[in-house]
Structure formats: structure tokens, C-alpha cells
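Residues per chain are reported as follows:
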Amino acid sequence: MSVSKKVYLFANWKMYLDYDESNILANALAGASVNFAKKIKMVIFPSALSFYPVAQVLDDIGIASGAQNVHFEDRGGYTGENSAMMYKNAGAKFSLIGHSERRHLFGETNHEVHQKMETALSVGLTPILCVGETAKERKGNKAKDVVEIQLRAALDNLKWKPKDKLFIAYEPVWAIGTGNHCDPIEAEKMCVMIFKMASMLAKGLEVIILYGGSVNEGNIRDFLKQPDISGVLVGGASSKLDTWLQIVQNVC
Ligand code: PEP
């Protein structure tokens, strides 16, 4: 069974691949790209170090690239950081913003997520806002409240252009990199709530909701079957050629 709607397949390579490995995978994707169906919009998020050569290879075959994270200033004394403006100059079209690993491992606050949304939009990068609750918050019946707070903070008073698309990735923290994916029906419930809230907070924009958290070739279709899930953000399974191509194949 194939998936009939337009599908967004976003690949977060995190810090899984070194420079050579990233370039090898990008070239392998370029070699395999003839098989990618038109309905698939693919975006790859390589490491900062590999970004430029990977983006060049992928650009030639119509696959966009994005930053995994950006700093909210354009330039300055921020050792080790890269700005949205710098990514834009290097060919990025997208940026993940507020990924749970940034929030939970590097202490990124809702306020900083908002600043990064602002700066991404100001330089012309399309942000992919990541939201999601921890296991403790879910157990305490707080998942919706936490996600609502994240959405309100991130989307407050942003300057959108009329044709911009608002991408939001619902990524429950407990499902990321654990092999323990969210039940697709449960994910759909959260995505409906996110869709409604985001449509209210960013009036007039097209809102596109993705699911992320241990998506693989075995469960991808169960997520894309859900009416409010338009695509997936994939970490581990996107960093290996065979599993990524299998995911693509299962969508075609
Ligand atoms: C992610 O990094 O956004 C992610 C969903 O990771 P994984 O697919 O490995 O759970």
C-alpha cells in the first residue's frame, strides 16, 4: 500500500556521521534519487562541519538541506556557534529549532527557541519548530499543557510572510532515539491539538505537522496513515543508507 498524500521526509543526521561519512551518504542519496517519487519533499540536516559539501551535492538533485540548530545573533563572540545568516549564506533552506536534544541536553529555553524562530525567519530560513513532552510530563497528564506552552512561547509575535509554511515536529522526548515510538493514534491526537493551536497562533499560514521519535521502515506507514501527520522527522534511521531508502520506498 502506498501513501497518497504529499509527504515530508526530514532526516536529522545529528552528530552520527563524520565529514567523510556524511559526504559518502549524500553522494549515495544522489545516486539513488532517480527513485524518489515527486510527492516526497526531502530535507537533510547534516552536521555543521559537513553542511556545505553535503548541501551542494543534494542541491544538484533537488533535495534541500537545513541546519540542526542556529544561534539567534547574526555574528559575535559566541565561540562554537553558527548563525542562521551563516547557514543561509552556505545554502540552507531550513533549520530545526528547539529540537529536544537542544532543549534537554543543552538547556535551551522556550525564550531562546522563540529568538531562534525570529532570527531564522528574518534571514529567510524555514524553521521546523520541534515540540514534545518528557515521559514524566506524559505520566503526569501534562503533555498537552507542556506542548501548548512551547507553542505559545515559540510562535509569539513572529513576522511571517503570507506564503510561508509553518512546520511543527511533534517529537515526544521519550520516543527520541529510544526505539520506543509513540503509538500512532496517540501521536495523531497530539498532532490534531498542535495543528489547531498553531493555526490559531499563526493565522493564515499553512500549518504542516510532522511526527518524530523512533520512526523506522517498519512503522513509517502507520504514522503517515494519520490524517494530521504530513511527514516525519527521522534521526537514527535516516543516517544509514539502507534504512533511509527503505523508508522512502515504503512511502512510494
Ligand atoms: C530526532 O532526532 O528528531 C529523532 C526523531 O530521532 P530518532 O528518529 O532517532 O528517534
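So, how was this worked out
Residues numbered from 1 in each chain as written. Predicted model: local features only at pLDDT ≥ 70, side-chain atom pairs only at ≥ 80, totals over all residues. Heavy atoms only, no water. Helix = DSSP H or I, 4+ residues; strand = E, 2+ residues; numbered from the N terminus. Rg over C-alpha atoms; globule rule 2.2 N^0.38 Å. Buried < 20%, exposed > 50% of the residue type's maximum accessible area, 1.4 Å probe, protein only. Contact = heavy atoms within 4.5 Å. Areas by Shrake-Rupley, 256 points an atom, 1.4 Å probe, with all protein chains shown as cover. Lys, Arg positive; Asp, Glu negative; His and termini not counted. Charge placed at Lys NZ, Arg CZ, Asp CG, Glu CD. Pairing = 2+ DSSP bridges. Axes fitted to C-alpha atoms, helices over the stretch in contact; angles between N-to-C directions. Near = heavy atom within 4 Å. Polar contact = N/O pair within 3.5 Å; in protein donor to acceptor, adjacent residues only side chain to side chain. Nonpolar A, V, L, I, M, F, W, Y, C, P; charged D, E, K, R; others polar. Salt bridge = Lys/Arg side-chain N within 4 Å of Asp/Glu carboxyl O. Core = buried A, V, L, I, M, F, W, Y, C linked by side-chain atoms within 4.5 Å.

Visitor: Quick one: what's the story with the overall build of the chain, residue by residue and with numbers?
Guide: Secondary structure assignment for the chain yields 10 helices and eight strands. Here the C-alpha atoms of the chain give a radius of gyration of 17 Å, agreeing with the 18 Å that 2.2 N^0.38 yields for 252 residues. With the C-alpha coordinates of the chain rotated into their principal frame, the extents come out at 50 × 45 × 35 Å. Residue burial in the chain is summarised as follows: out of 252 residues, 52% are buried. Taking all contacts inside the chain whose residues are at least 6 apart in sequence as the whole, residues at least 24 apart take part in 73%. A total of about 11600 Å² of accessible surface is found on the chain, and carbon and sulfur atoms cover 51% of it. Side-chain charges in the chain split into 28 positive and 27 negative, and the spacing between the mean points of these groups amounts to 6 Å.

Visitor: Which residues make up the sheet that holds strand β2 (residues 40–45), and what values do they have?
Guide: Around the barrel, eight strands lie side by side as β1-β2-β3-β4-β5-β6-β7-β8; this closed barrel has parallel pairing. Taking the axes of each pair of neighbouring strands and ignoring which way they run, one obtains an average angle of 25° across the sheet. In the packing of helix α10 (residues 241–251) onto the sheet, contacts are made with β1 (7–12), β2 and β8 (231–234), and the angle to β1 comes to roughly 170°.

Visitor: I'd love a proper account of the site of the ligand, names of residues and values included.
Guide: Close contacts around the ligand come from 14 residues, with Lys-14, Glu-171, Gly-177, Ser-214 and Gly-235 the closest. Within the backbone of Gly-236, an N or O atom sits 2.9 Å from an oxygen atom of the ligand. Protein chains shield 97% of the accessible area of the ligand, which is 300 Å² for the free molecule. For the shell around the ligand, a count of residues per class yields four nonpolar, eight polar and two charged.

Visitor: I'd love a proper account of the pattern of salt bridges, names of residues and values included.
Guide: Across all of its chains, the model carries eight salt bridges by this definition. A salt bridge links Glu-108 to Lys-116; its shortest N-O distance comes to 2.8 Å. An identical accessibility class is assigned to Glu-108 and Lys-116; each is buried. Of the charged contacts, one joins Glu-186 and Lys-189 as a salt bridge, the two residues approaching to 3.6 Å between their closest N and O atoms. Of this pair, Glu-186 and Lys-189 both sit in helix α8 (residues 184–201), three residues apart, roughly one helical turn. Of the residues examined, Lys-189 reaches a relative accessible area of 47% and is grouped as partly exposed.

Visitor: Lay out the nonpolar core with the relevant residues and their values.
Guide: If you look at soluble globular proteins, the nonpolar side chains tend to sit buried side by side. Counting residues in each nonpolar core, the largest one holds 70 residues, and the members touching the most others are Leu-9, Leu-155, Ile-168 and Trp-244. For this core, the element with the highest residue contribution is α8, accounting for seven residues. Beyond its immediate chain neighbours, meaning those up to four positions away, Leu-155 contacts Met-117, Leu-129, Trp-160, Leu-166, Ile-168, Ala-198 and Leu-201. Core analysis: the next-biggest nonpolar cluster, separate from the first, contains 14 residues, Ile-128, Cys-130, Leu-210 and Leu-233 among them.

Any functional reading would require information beyond the geometric quantities listed.
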